[in-house]
Amino acid sequence: MSNSTSSQNPSAIFKEIEELKRSFSFSNQEEEIAFYKKNNYLFAFTSANLSRLMPQIPYSHHKSIFEKLLFNLQLLNIEEQNPALFAPNFEVIDKTDILQQAKNGKPFLFCCFHLGSYSSLLTLLTYNDLDFGFLLNQTLRNRKADDSLKVHQKFSQQIEIQQKRILKSKIQFINVEENKGIWSAIRMLKQGNSLIVYPDGNTGINTKESKKENQNTVQVNFLNERLLVKQGVAFLSYACQVPIVPVISSRVDESIEYSLKRKFELLPAIYPPNSVKGNAEKENKSKEEFAAQTMQKLYSILEKEISKKKNQQDINAQANQWEGWIFVNKSFENLKKPIYLEKESQKQNSEKITKEKLNSEYIFNEVQFALIESKKDGEQNVKYTLFDKYTYRFFPVSDLLYETITYFSVPKKLYLSNSQNKRTNPVSKDISNSPVAMNSDSELQLSKTSIPISALEKLINKKILVQFN
C-alpha cells in the first residue's frame, strides 16, 4: 500500500491521509448513494448495533459514525505500513512499568481492544525490543502475517539507521483456530515472552476444555446488554499464572490536521489468583470464577472508553473509534429480542388507513429497515433483501416491494379523495415530493406496476413505511 518513500517521509504520509479523507468527502448525492450502495450490508449492521447498544445516538448520526469508522480502518493500514514514522511519536502511559518488567523476562497477556490505533501495539512492543506472540485467526494470519514480518524487518533496519540501535525483537503469529495454537501460546509464556490478544474480537483461543463453541464463552454486561464472549484469554492467564494487561489505544490531537502522535495507556494488570504479585494473599477462586470476573472487567473498561464524552453535548461519545460495531451482534446473548424495543414491537396493531392517518407524508423507515443489494459473481441480476435492524432478520423483496420502497425513499404525501372521484392516481417516475390522491379502494400507480391501498396499509402497520416528521 505505502511505498518506501512514504515510509521515511512524513509529507508523503500526510498526502496519503489527505487523499484518504477526500475519498470520504462526497461532492454530490450520487457519490454518497454509490458509497452506501457498496457498503450497505456493513452499514446496516453498524446502524442496528448502534441503535441497540447506544440508543441515545440518533439515526441521523449513524452515517457520520460509519464513515469515520471505515476511515479509521484504512488509516490503520497506513500506520501498520509505516511504523518507523509513528513509533518515535508514541505517548505511553505505563504507571506500573509493565514494559520494563516485560523486558526483564516477565510475561504478560497484552489485551488491546479494537479502538484507535490498536494494531500499532505490535509496533510498540517491537520498538521496546520485546519478543512476543500475536494471537489471530486463520483468515487474518493468511492475509497479514507475511506482510507484517516484512514490515517488521524493514522497521528494524530503519531504526538502526535513524537511532543507531539494533532491534532484536521477534514476532510469532499464532493461529488460535488450530488445536496446536494453545500449546504454542503456552510455550511462549513459559519462555518468558508476552502475547497480544484482542478480547473484543469474534474469535478466541480454543482451549483443551472448550472444543464446543458454548463451552468457551461467558456472559458479560455491556452497554445494558448481555453478550456471550470468548474467555480463552482468561483461562490462559489462569493456567499459566500470567497477568493480563488491558491496553487502550487512541489517536491524540485529532483536531490537528496532520499528526503522527499515537497514545497507549497500559492499565493496571489483572492478576490470576495465587500468582506472584508482591504481598498478595492466597485467593480461593476457580478458573470459571476468575474468567467471568476478568472478562467483565475487560468489557467494563471498553464500555467506559466508548462512552467517554468530550463535552455534555457530545452524544456520539467515542463510538466512532470502536471497530466492533461491525460484528458485536455475533456476541448478543439474545439476538432477536432487544430489551428496549420489546414494548415498541407490541404496539404494532393492524389498523385501517383513515383519512386522518393518511393525510400526511410517508417515507421508507430506514431507521428500522435497510434495503440490502447483493449480486453473486457470475450473475447479472441483482437481488434485494429487507433487513430488520430490530430483529436482525432478512426478508425477500419482491419487485413490487422494491418499487414501493424506492418510491417512498423521499417523503410522499397521500390523502383520501372524495368517494365520488374514485380513480387510480397515476404517478410519474419522477420521485418528487408531490401529493398523491387516493380513494379507499384505489391503487397507487408506480413506475412499472400499481399497489393497492390494502398493501400500503400492511406496510404502514409493519412500520416499513412511517409518517415523515
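Just so it is clear, the model here is predicted, and its values are computed rather than measured.

Chemist: Could you give an account of the confidence of the model for the protein chain, naming the residues involved and the relevant values?
Modeler: On average, residues of the protein chain carry a pLDDT of 83, and 79% of them reach 70 or more. Across residues 1–6, where pLDDT falls below 50, the model places 15 contacts with residues more than four positions away in sequence or in other chains. Confidence over residues 416–435 falls short of pLDDT 50; this stretch has 47 contacts with residues more than four positions distant or in other chains.

Chemist: Describe in detail the nonpolar core, supporting the description with residues and values.
Modeler: Among the nonpolar cores identified, the biggest contains 56 residues, and Leu 195, Phe 222, Leu 236, Met 295 and Trp 325 are the most heavily contacted of them. Broken down by element, the residue count for this core peaks at 8 residues, all from helix 12 (residues 287–306).

Chemist: Hey, could you go over the pattern of salt bridges for me, with residue numbers and the actual values?
Modeler: All told, the structure shown has 9 salt bridges when counted by the stated rule. Lys 63 is the salt-bridge partner of Glu 32, the closest N and O atoms lying 3.7 Å from each other. Here the residue Glu 32 occupies a position in helix 3 (residues 29–38), and Lys 63 occupies one in helix 5 (residues 62–81), the gap between them amounting to 31 residues. Between Glu 225 and Arg 52 there is a salt bridge, with the nearest N and O atoms lying 3.0 Å from each other. In this pair, Glu 225 is assigned in strand 7 (residues 225–230) and Arg 52 in helix 4 (residues 40–53), connecting sequence segments 173 residues apart. One exposure class covers both Glu 225 and Arg 52, and it is buried. Put simply, Glu 79, Arg 251 and Arg 262 are held in one network by salt bridges that share partners.

Chemist: Which residues make up the sheet that holds strand 9 (residues 262–266), and what values go with them?
Modeler: As a general point, the strands of a sheet are linked pairwise by backbone hydrogen bonds and lie either parallel or antiparallel. One open sheet holds the 7 strands; their spatial order is 1-9-8-2-5-3-4, and the pairing between them is mixed. Each edge of the open sheet is held by one strand with a lone partner, namely strand 1 (90–93) and strand 4 (171–175). For this sheet the average axis-to-axis angle between neighbouring strands, irrespective of direction, equals 25 degrees. Looking at chain direction, strand 3 (residues 132–136) and strand 4 are connected through 5 bridges and run parallel.

Chemist: Pulling in residues and values, what's your account of the packing of aromatic side chains?
Modeler: Following the criterion strictly, the structure yields 29 aromatic pairs and no others. Between Tyr 41 and Phe 394, the ring centres sit 6.2 Å apart and the planes meet at 5 degrees, which makes this aromatic pair stacked. You can see Tyr 41 sitting in helix 4 and its partner Phe 394 sitting in strand 13 (residues 393–396), a full 353 residues away along the chain. Taking relative accessible area as the criterion, Tyr 41 reaches 44% and is therefore assigned partly exposed. Summarising the aromatic geometry, the rings of Phe 108 and Phe 110 are spaced 6.1 Å apart at their centres and angled 50 degrees between planes, so their arrangement reads as tilted.

About the cut-offs
Residues numbered from 1 in each chain as written. Predicted model: local features only at pLDDT ≥ 70, side-chain atom pairs only at ≥ 80, totals over all residues. Heavy atoms only, no water. pLDDT = per-residue confidence, 0-100. Contact = heavy atoms within 4.5 Å. Core = buried A, V, L, I, M, F, W, Y, C linked by side-chain atoms within 4.5 Å. Buried < 20%, exposed > 50% of the residue type's maximum accessible area, 1.4 Å probe, protein only. Helix = DSSP H or I, 4+ residues; strand = E, 2+ residues; numbered from the N terminus. Salt bridge = Lys/Arg side-chain N within 4 Å of Asp/Glu carboxyl O. Pairing = 2+ DSSP bridges. Axes fitted to C-alpha atoms, helices over the stretch in contact; angles between N-to-C directions. Phe/Tyr/Trp six-rings, centres within 6.5 Å; stacked < 30°, edge-to-face > 60°.

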